[in-house]
Amino acid sequence: MIDPKLLRQATQDVAKNLARRGAGGEFDADGYLQLEERRKALQVETEALRNERNTSSKNVGKAKAQGEDIEPLLAAVKDLGQKLAAAEEFLKAVQAELQGIELGLPNLLMDDVPDGDDESANAEVRRWGEAGKFEFEPRDHIELGGNLGMLDFDAASRMSGSRFAVMQGGLARLQRALAQFMLDTHTQEHGYLESYVPYLVQAHALVGTSQLPKFEEDLFKTTGETPFYLIPTAEVSLKNLAREQILEADTLPMRLAALTPCFRSEAGSYGQDTRGMIRQHQFEKVELVQLVMAGQSEAALEELTGHAEVVLQRLELPYRVVSLCAGDIGFAATKTYDIEVWLPGQQKYREISSCSNCTDFQARRMKARVRNPDTGKPELIHTLNGSGVAAGRALIAVMENYQQADGSIRVPEVLLPYMGGMDVIAAD
RNA sequence: GGAGAGAUGGCUGAGUGGUCGAAAGCGCUCCCCUGCUAAGGGAGUAAGGGCUUAUACCCCUUCGAGGGUUCGAAUCCCUCUCUCUCCGCCA
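Here's a quick rundown of the structure. Residue indices begin from 1 for each chain and proceed along its sequence in written order. Written order determines the labels here, with chains lettered from A and ligands numbered from 1. For this predicted model, a pLDDT threshold of at least 70 governs which residues receive local features, and a threshold of 80 or more governs which side-chain atom pairs are given and counted, while totals over whole chains, interfaces and linings are taken from all residues. Side-chain measures were taken over the full set of non-hydrogen atoms in the model, leaving aside hydrogen atoms and water.

### Focus on the overall build of chain A
So, step 1. Per the convention used, a helix needs a DSSP run of H or I reaching at least four residues, while a strand needs a run of E reaching at least two, with both numbered from the N terminus. When you go through chain A residue by residue, the secondary structure sums to 13 helices and 17 strands.
So, step 2. Projected onto its principal axes, the C-alpha coordinates of chain A cover approximately 100 × 45 × 40 Å.
So, step 3. With 428 residues in all, chain A has 49% of them scored as buried.
So, step 4. By the convention used here, residues are in contact when the closest approach between their heavy atoms is within 4.5 Å. Taking the intrachain contacts of chain A between residues at least 6 apart in sequence as the baseline, contacts between residues at least 24 apart amount to 73%.
So, step 5. Carbon together with sulfur atoms contributes 48% to the accessible area of chain A, which is approximately 20800 Å² in total. Relative accessibility under 20% of the residue-type maximum defines a buried residue, over 50% an exposed one, and the middle range a partly exposed one, all with a 1.4 Å probe and only protein chains included. For the accessible areas, the method is Shrake-Rupley and the probe is 1.4 Å, while residue cover comes only from the protein chains on display.

The following block contains the structure:
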């Protein structure tokens, strides 16, 4: 949520910033200001009425204590209650309407976010590694996995439908090895606290991280009296650890990491990446989260992105980092770097990590604060997150980049300790 | 699933209809005292919002959540949620 104070004091500036997002940034500034005018009038009126009622009631109490006749006092406040109730109802409605608007507005963009409508306008920041030269025609992961007999989409679809995969044998182990390696790297070298967190959360947690109310269709939801949502990313669970907390300053920056499955309904992505494991309803991901003091989030974004890059560097996977343009950047982010890994089978760079600075946008929704040691006052923290990285996509990248002419897959050096002596994944 | 107990400020914990946003303690901040340290004395210390140039004053809200009774609710009534203990079941 954008700071409501900013929203009403610098409405046109906010509108201008949001407009950079194109389709996602619609904001009826005039309508908002009108509504805000009504809110102000109603709130002032309501609070004045409440003040009157409170004072009167106290006088009743005093009079009663002194044994005076309270009947005239009671008569004086008789119709106050009704007026107050009516005012409160109006105010509540206007506030709800305002909040609805506020919850639907995306975060303000940082100035250095490039202009543009879609991913074609994303700006490449840097490249690492040499996009694979093969002495043979590289296969994609679908063919590789199928030939190995370790990747089965048919079996998955028979029980679960499309966008699921079954992996077995060396491939299943390779994914586990990747996840372990990533988690170890981040916890042992980058200072992240390994965390096991709920995979099912309630709506308010998702409102906090801003998947709700706007993006409900992307989520899986359970039935029952209190519905649960399956987390689309561990970002939700990790960030909500700070929900409704006033953290001590010396606990920041807080670096949190978790390996979890992620569940996405992929509504609206019909026809995109229907083949293979790129876009699944369920996938494993190591997520990195940082909770920092305001003012430190810009540096933290660079750092966190670097942490994700280390994983790809150790795996010797070529990648590039792009800064997402205004039209492509996520709802909660003020700035996002995507890390795209080279996939020889597609001859393309594909997203494997997305690292975002969400400033105080989510913290405001979650009421996640820190006590500023200088002022003694609570202030909103800044939240950041990034994949470190998506295990399913890392598996694809390893398969395609480490494939050999005979269709076997070499195990990357850094994964050997996790593979129980297996250095090549080959068909039986 | 059954029975019982509970939910109050950063923490512990008192408070059963009216100057209670809330005793006391801990913690924290500042001051005093004392060679240092320890101990001691004093003062201050909830959050959110409104108004506002203002982090000043003033006002409103909040004692798990939501309803209700009342001129007035932390306190009474109803519903819900969560936590703890015991039993049952279970990985």
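Structure's up, so let's keep going.
### A few points about empty space enclosed by the protein
So, step 1. Definitions used for this entry: grid spacing 1 Å over protein atoms alone; cavity, a set of points where a 1.4 Å probe fits but cannot get out; pocket, an open set with protein on both sides within 12 Å along at least 5 of 7 lines; lining residue, one with an atom within 4 Å of a point. Grid points are joined across faces, edges and corners, and a volume is the space filled by probe spheres set on the points. Counting across every chain of the model gives one cavity of 30 Å³ or more.
So, step 2. A volume near 40 Å³ is recorded for the largest cavity.
So, step 3. Lining of the largest cavity is provided by Ile278, Val341, Leu343, Arg350, Glu351, Ile352, Arg393 and Ile396.
So, step 4. Elements with a contribution of two residues or more to the lining of the largest cavity: β11 (335-343), β12 (348-357) and α13 (391-401).
So, step 5. Sort the elements by how many residues they give to the lining of the largest cavity and β12 lands first, with three residues.
So, step 6. When grouped by side-chain class, the residues that make up the lining of the largest cavity number five nonpolar, no polar and three charged. Gly is put with the polar residues, along with every residue not named as nonpolar or charged; the nonpolar set is Ala, Val, Leu, Ile, Met, Phe, Trp, Tyr, Cys and Pro, and the charged set is Asp, Glu, Lys and Arg.

### A word on the layout of surface pockets
In this approach the atoms are scanned with a rolling probe the size of a water molecule, which exposes any empty space left behind.
So, step 1. Of the pockets and cavities examined, the second largest pocket occupies roughly 290 Å³.
So, step 2. Lining the second largest pocket we find 16 residues, and of these Ala165, Met167, Gln175, Gln280 and Gln282 sit closest to its centre.
So, step 3. Breaking the lining of the second largest pocket down by element, the ones donating at least two residues are α7 (153-160), β3 (166-167), α8 (169-188) and β9 (282-292).
So, step 4. Residue composition of the lining of the second largest pocket, by class: nine nonpolar, five polar and two charged.

### As for the protein's contact with RNA strand B
So, step 1. In these notes, residues near a molecule or strand are those with any non-hydrogen atom within 4 Å of it. Close contacts around RNA strand B come from 21 residues, with Arg8, Arg39, Asn51, Ser57 and Lys64 the closest.
So, step 2. Protein-proximal atoms of RNA strand B, defined as those within 4 Å of the protein, fall in sugar or phosphate at a share of 74%.
So, step 3. Residues adjacent in sequence count toward polar contacts only when both atoms are side-chain atoms; beyond that, a polar contact is any pair of N or O atoms within 3.5 Å, and within protein one must be able to donate a hydrogen and the other to accept it. Contacts to RNA strand B include Glu47, whose side-chain N or O atom sits 3.4 Å from a base nitrogen.
So, step 4. Of all elements in the fold, only α1 (4-9), α3 (29-65) and β13 (369-371) reach the threshold of two or more residues within the surface near RNA strand B.
So, step 5. By residue number, the principal contributor to the surface near RNA strand B is α3, which donates 12 residues.
So, step 6. Residue composition of the surface near RNA strand B, by class: four nonpolar, five polar and 12 charged.

### Topic: the pattern of salt bridges
If the charged atoms of two oppositely charged side chains come close together, the side chains can form a pair.
So, step 1. By convention in these notes, a salt bridge is any Lys or Arg side-chain nitrogen within 4 Å of a carboxyl oxygen on Asp or Glu. A complete count under the given rule lists 22 salt bridges for this structure.
So, step 2. Asp112 is the partner of Lys335 in a salt bridge, and the nearest nitrogen-oxygen pair spans 2.7 Å. Of this pair, Lys335 sits in strand β11 while Asp112 sits in the loop between α5 (80-104) and β1 (123-128); the two residues are 223 residues apart in sequence, bridging distant segments of the chain.
So, step 3. Relative accessible area serves as the criterion here: at 42%, Asp112 is assigned to the partly exposed category.

### With respect to the packing of aromatic side chains
So, step 1. Between rings of Phe, Tyr and Trp, where Trp is taken as its six-membered ring, a pair exists when centres lie within 6.5 Å; planes separated by under 30 degrees are stacked, by over 60 edge-to-face, and by other angles tilted. Here the structure, examined in full by the defined rule, presents eight aromatic pairs.
So, step 2. Here Trp342 and Tyr349 contribute two aromatic rings whose centre-to-centre distance is 5.0 Å and whose plane-to-plane angle is 65 degrees, an arrangement assigned as edge-to-face.
So, step 3. Members of the aromatic cluster, connected to one another through ring pairs, are Phe215, Phe331 and Phe361.

### Looking at the nonpolar core
So, step 1. One finds Leu178, Met182, Leu317, Val389, Leu415 and Ile425 to be the most contacted residues of the largest nonpolar core, which totals 48 residues.
So, step 2. The dominant element in this core, judged by the number of residues it contributes, is α8, at seven residues.
So, step 3. Leu178 has contacts with Leu315, Ala391, Ala394, Leu395, Val398 and Leu415, leaving out every residue within four places of it along the chain.
So, step 4. By size, the runner-up hydrophobic cluster in this structure holds 19 residues, among which are Ala29, Tyr32, Leu35 and Leu108. Throughout this description, the term nonpolar core refers to a set of buried Ala, Val, Leu, Ile, Met, Phe, Trp, Tyr and Cys residues connected via side-chain atoms within 4.5 Å.

### With respect to the sheet that holds strand β4 (residues 193-194)
So, step 1. Note on pairing: DSSP must find at least two bridges between two strands before they are called paired. Ordered by their spatial adjacency, eight strands build an open sheet running β1-β10-β11-β12-β15-β9-β8-β4, and the pairing between neighbours is mixed. Two strands in the sheet have a free side with no partner beyond their single neighbour: β1 and β4.
So, step 2. With five bridges joining them, β1 and strand β10 (residues 319-323) adopt antiparallel strand pairing. Bridge pairing in β10 places Arg126 opposite Val321.
So, step 3. In the packing of helix α11 (residues 297-314) onto the sheet, contacts are made with β1, β8 (254-263), β9, β10, β11, β12 and β15 (382-390), and the angle to β15 comes to roughly 10 degrees. Inter-axis angles, ranging from 0 to 180 degrees, are taken between N-to-C directions of lines fitted to C-alpha atoms, where helices are fitted over the stretch in contact.

### A word on the environment of Glu89
So, step 1. Looking at where Glu89 falls in the secondary structure, it is placed in helix α5.
So, step 2. Sequence separation between Glu89 and Ser269 is 180 residues; the distance between their C-alpha atoms is 41 Å.

### As for the state of the cysteines
So, step 1. Count a disulfide wherever a pair of cysteine sulfur atoms falls within 2.5 Å. Counted by the stated rule, this structure contains zero disulfides.
So, step 2. Cys358 provides the cysteine sulfur closest to Cys325, a residue in no disulfide bond, and the two sulfurs are 17 Å apart.
So, step 3. Residue classification places Cys325 among the buried positions, given a relative accessible area of 0%.
So, step 4. Cys355 provides the cysteine sulfur closest to Cys358, a residue in no disulfide bond, and the two sulfurs are 11 Å apart.

### Points about the packing of α8 against α11
So, step 1. Running from N to C, α8 and α11 point in directions that differ by 130 degrees, and their axes come no closer than 10 Å. With respect to α11, the axis of α8 lies oblique. The handedness of the crossing between α8 and α11 is right-handed. For the pair formed by α8 and α11, the contact residues are Phe181, Met182, Thr185 and His186 on the first element and His307, Ala308, Val310, Val311 and Arg314 on the second. Here is the rule for angles: anything less than 35 degrees is roughly parallel, anything more than 145 is roughly antiparallel, 65 through 115 is roughly perpendicular, and the remaining ranges are oblique. Here a crossing is taken to be left-handed if its near helix is turned anticlockwise relative to the far helix by less than a right angle, and right-handed if that turn runs clockwise.

### Quick look at the packing of helix α6 (residues 141-148) against α13
So, step 1. The interhelical angle for the contact between α6 and α13, taken along N-to-C directions, is 80 degrees, at an axis separation of 9 Å. On the basis of their axis angle, the class for α6 and α13 is roughly perpendicular. Contact with α6, carried on its side by His141, Leu144 and Gly145, involves Ile396, Met399 and Glu400 of α13 and no other residues of that element.
So, step 2. Residues belonging to the contact of α6 with α13 are distributed by class as follows: three nonpolar, two polar and one charged.

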